[in-house]
Every structure is written in C-alpha cells, then in structure tokens.
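# Tertiary structure, described
Chain by chain, the residues run as shown.
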Amino acid sequence: MYRTIHYIALFATLLLVQIFIFDNLALSPYFNPLIYVTMLVLMPMESRSVVLLFTGLALGLAADFATGGAGLNTAATLPAAFLRQPLLALFCDRDDLRDGGVPSAPRMGGEWNFMRYAATVVAVQHAAFFMLESMSAVLLPHVLLRTVLSAAFTLLFVFIAARLFTYNISRV
Amino acid sequence: MHKLFEFIRSIYVFLLFIIFEAVALNYYAHSSSYAQAKLLTRSNRVVGGVHGALFEVRHYFSLRRENEALLARLAETENRLAALAESGQAAESATAQIDSAFADAAWTKYVYMTARVVSSSVNKSRNFMVLDRGMADGVKTDMAVVSPRGAMVGYVVGCSDRYSVVLPVLNTSFRASGKLQRGQHFGSIVWDGFDKHAVRLTELSKYAEPQIGDTVVSTGFSHYFPEGVMIGRVTDCRMNGTRTAYDLDLDLAADLSALHRVILIDNRDQDEIRELVSSAAEQYN
C-alpha cells in the first residue's frame, strides 16, 4: 500500500510530539492533550476493525511505556479504536465509506461531518482517560473540565494535522 | 462446531477488544505509583537521552533567571558567613571554627548533591519527574529532593544507572508530614490533583491555632526530608467535617513547572534506622 509509509511516519511523529513536547508541557493539571489519538482519526476509511484495534493498542502501549502510564493510555485508547469504524459510519455516507481514503471534510461530505466525527473519537478517548485517571465521582466537575479543555486542544491539533497529512498524501 | 467457529470469526475483533481492554484495566487498577515509577525508570534508558537534549534547549532560556537566583543565594550565604565571623571574638578563631566545621562535614547526617530535571509533568494526577543522575552518581531511592531555594519537591522512588525518577509533591500518592514553623503540631501533606500551586495540610491538631500566612515546614519524622524544609504558606484554614482537626490549604513554595535543577539530599542514618526498625518489628511481632 502506497500510504503505509506515510502512516508509519504519522505514527512515529505523533508519539514523539506527545512524549517529548506535550507530556513535558508543565502548564496546568487541566491541560493534558492526548494528541496521539489523531492517528485513529486519520486511519483510512476502509481500514479493517482489527487493524484499527491493533493501531490503538500500539499507540496506547507506546505512550504508556514512555510516560510510565501503567496501562492507562492503553485502556483509554482501545475503546476509541474499537468504536472508530462505527462512528465513521455514523457521520458519513455508505458510498463515501466504500470509496475509502484518508478521512477528510471533502471525502465525508462536508466540514461539519468530519468535525463531528473527529470530535466524537477524541471525546471518547479523552473522557475514558481522565475518568480512569481520577477514579472518583467526587471530582467529576474537575474531570469534566479537564476532558473538555484537553479534548478541545487535541481537536484543534487534529484539524491542523489532517490538513498537513492529506496535503502530503495527495502529492504522492 | 462449525457454526461456533463462524460465530467467533464474526465477533473476534470484539473479543480481542474485550481481552485487551480487560488486561489493560487490570494492569492499571493494580499498579501503584511505585510500579509506574519503575516503568518510567526502564523507559528512560530509551528516551532519557532525547529528554536530556530537549532539556538543554529549554534550559538555555532560563539561564539568566537561574543565575540571578544563584547569586542571591550566594550573597545570602556570604552574609551568614560574615555574620558568623563577626560574632566570633577574633576573626581567626571564627575562621578556624568554620574550617573545622567543614572538616567534619564528611560525617554529617545529610549529604547534598545537585541534579538536572530531564523531564517532568504537572498535568496528571500521578506526576513524575526524571533527573539526570542515577545509581552511578550515588543516587539511591528514598533520597529527598528539594528546589534550589530549599523548598520541598519530592523523593526518589526509582533509579537506573544514569537516571532517577522522583515522586513529587504533585502526585496524589505523595505522602509527607508537615508542621507549622511556629509550634510543634503536625499533619500530613496531600495533593488532590488539580492545582499545581496548592497542596493541603490535613489532620492538623485543633489546638494548633493556624493563621493565614503561616509557614509550613517538614517535620523530622519522615525518612526522606530533614527537619525544617520549607513546604509552603497557609492560604486558608478550616475545621474538618468532624471538627477534630484542621485542614489547611497551602501555597506550594516550589514551582514544579519551572524547575530545572534540584538538590538531592541523602539521609545517611536512614539505612541504620530502617534496619533497627525492621529488627525491632521482627522481635516484637
């Protein structure tokens, strides 16, 4: 597959940026964007579920290893990986889905569709992450605030990364 | 049988998902901060070098501020030495006193060394900090870590040859005891995971009469910290739910998000104390 190399590069770049920049960004406990989830958002639309699942597993394990997460990143990323395909189908026509390619606004029939799709994948993963991290209902308002702020930033990152990535791929 | 295989094939991704998720959750639920620190120690053999290189870049921009802090600290020490020299009857005898004090330094209870912060976070509930010194430099687990200005930062929980991992105050598993600088009442220091500048001093005796602005320092009870290490200042006091003790909000003295260098403190009596305690425990159990 001609895009494999691009995807491997994307995988490595996202993890490096996550580990060496965002995990070191000591700004605030409310700001912890998990930008590596961009990988799941941008996996080809025709990807098989099992490939997505293993991609999510690899992302989670790598992030856990590098940040001492002890399973937290993995446990939070797997649900997003598993739900990626159903979510994509929810926000996109059956025909578009069959055509495949990198998920993007033109391919999904509009900016709004792509935005809702990306936001849901990011939200699933971030919500799982911060809920598991706090493991307490008392702190729910804080957990929500944390999820919303971090997910909002990740979403911004996804949009920029999606533009760059589809631009690079379309030149091949 | 054939139908069973067909069925499994149709849902195998779901089964895989359930299995992976269960393993990950189980691992996470049973992992302590210490297990995480151990994992981090291992991964730093791989990523420590890159963290170190990035640190150099970030560090470059804070050199000026760090220099000023060092100079201030130096001036303060000079002042103290001068005061000490003046307070002695003759300058010579005072110098001799100071020299002899330093000659005995080899037998002090606490030994200090410096380290650079290679990576750290404040945005999780279990934050860790990685330092660029490890067992090869004489770092051991349980050494205390304080900021260059002497404020409490954390303690070492894992070491590899060249790196060590610190459990900082900003980790919900962090435990230390603290007391009001004036008076002997003490309580426990805890962080609830949300404000990188605020920790709490809980279970402080109701007779302590804390006031806003009071300084809270470490007690000598802990295995890690010497007595009197600055922790923070009281910003709010209230009685706990059962009205048996005070809960204080503290403004943390060390800014962990802007820390580039730290001081490690080794309590050399610690091993001896620990042996004594464990042998006593064996005897009376």
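Structure's up top.
Calculation notes
- Sequence order as written defines the numbering, with residues in each chain counted from 1.
- Here chains are named by letter from A upward and ligands by number from 1 upward, in the order in which they appear as written.
- Residue-level local features of this predicted model are given only where pLDDT is at least 70; pairs of side-chain atoms are given and counted only at 80 or more, and the full residue set underlies all totals for whole chains, interfaces and linings.
- Excluding hydrogens and water, the side-chain figures rest on all heavy atoms present in the structure.
- Relative accessibility under 20% of the residue-type maximum defines a buried residue, over 50% an exposed one, and the middle range a partly exposed one, all with a 1.4 Å probe and only protein chains included.
- Only DSSP runs of H or I with at least four residues qualify as helices, and only runs of E with at least two residues qualify as strands; both kinds are numbered from the N terminus onward.
- The rule for pairing is simple: two strands pair if DSSP sees at least two bridges between them.
- A contact between two residues is defined here by any heavy atoms of the two lying within 4.5 Å.
- For any pair of parts, buried area is found by adding up, for both, the accessible area (1.4 Å probe) each one loses once the two are put together.
- Here, a salt bridge means any Lys or Arg side-chain nitrogen found within 4 Å of an Asp or Glu carboxyl oxygen.
- What qualifies as a polar contact is a pair of N or O atoms within 3.5 Å, subject to a donor-acceptor requirement within protein and to the restriction that residues adjacent in sequence count only when both atoms come from side chains.
- Note that patches include only residues with greater than 30% relative accessible area and no salt bridge, and the join distances are 9 Å for like charges and 5 Å for nonpolar side chains (Val, Leu, Ile, Met, Phe, Trp, Tyr).
- All accessible areas in this document rest on Shrake-Rupley with a 1.4 Å probe, and a residue is counted as covered only by the protein chains that are shown.
- His residues and chain termini do not enter the charge count, which takes Lys and Arg as positive and Asp and Glu as negative.
- Note on charges: their place is set at NZ of Lys, CZ of Arg, CG of Asp or CD of Glu.

## Re the pairing of strand β4 (residues 152-159) of chain B
Residues and elements named next belong to chain B. For β4, a buried count of 8 out of 8 residues is recorded, marking the element as mostly surrounded by other parts of the structure. Relative to β4, strand β3 (residues 144-146) runs antiparallel, the two sharing 3 bridges. Along β4, the bridge assignment pairs V146 with M152. Hairpin connection of β3 to β4: 5 residues between the antiparallel strands, including G150 at a positive phi of 90°. As defined by bridge partners, β4 adjoins strand β5 (residues 164-168) across 5 bridges and the pair is classed as antiparallel. Bridge assignment links G154 to a residue of β5, and that residue is P168.

## Observations regarding unusual backbone geometry
All names here are of chain B. For E203, which is not a glycine, the phi torsion comes out positive at approximately 55°. Within the element layout of this structure, E203 appears in strand β8 (residues 198-205). With phi around 55°, R243 is a residue other than glycine that occupies positive phi space. Within the secondary structure, R243 sits in the loop between β10 (230-239) and β11 (245-252).

## Here we look at the interface of chain B and chain A
Taken residue by residue, the interface counts 38 residues in chain B and 39 residues in chain A. Overall, the association of chain B and chain A removes approximately 3,300 Å² of surface from exposure, summing both partners, and the carbon and sulfur fraction of that is 68%. Interface area lost by chain B to chain A is led by Y28, N123 and F194 of chain B, which between them contribute 25%. Between the two partners, chain B and chain A, sit 0 salt bridges. Our enumeration of links across chain B and chain A arrives at 3 residue pairs in polar contact (both at pLDDT 80 or more).

## Quick notes on a negative patch on the surface
Together, D269, D271, E272 and E275 of chain B make up a negatively charged patch on the protein surface. With respect to the helices and strands, the residue D271 of chain B is situated in helix α5 (residues 270-283).

## Remarks on the pattern of salt bridges
Residues and elements named next belong to chain B. Within the structure shown, the criterion is met by 13 salt bridges over all chains. Residue K179 pairs with E227 through a salt bridge whose shortest N-O separation is 2.8 Å. Of this pair, K179 sits in strand β6 (residues 176-180) while E227 sits in the loop between β9 (215-218) and β10, placing them 48 residues apart in sequence. According to the relative accessible area criterion, K179 is buried, its value standing at 7%. D247 is the salt-bridge partner of R200, the closest N and O atoms lying 3.3 Å from each other. With R200 in strand β8 and D247 in strand β11, the pair connects residues that are 47 residues apart, well separated along the chain.

Interpretation note: all reported values are geometric properties and have no functional meaning in isolation.
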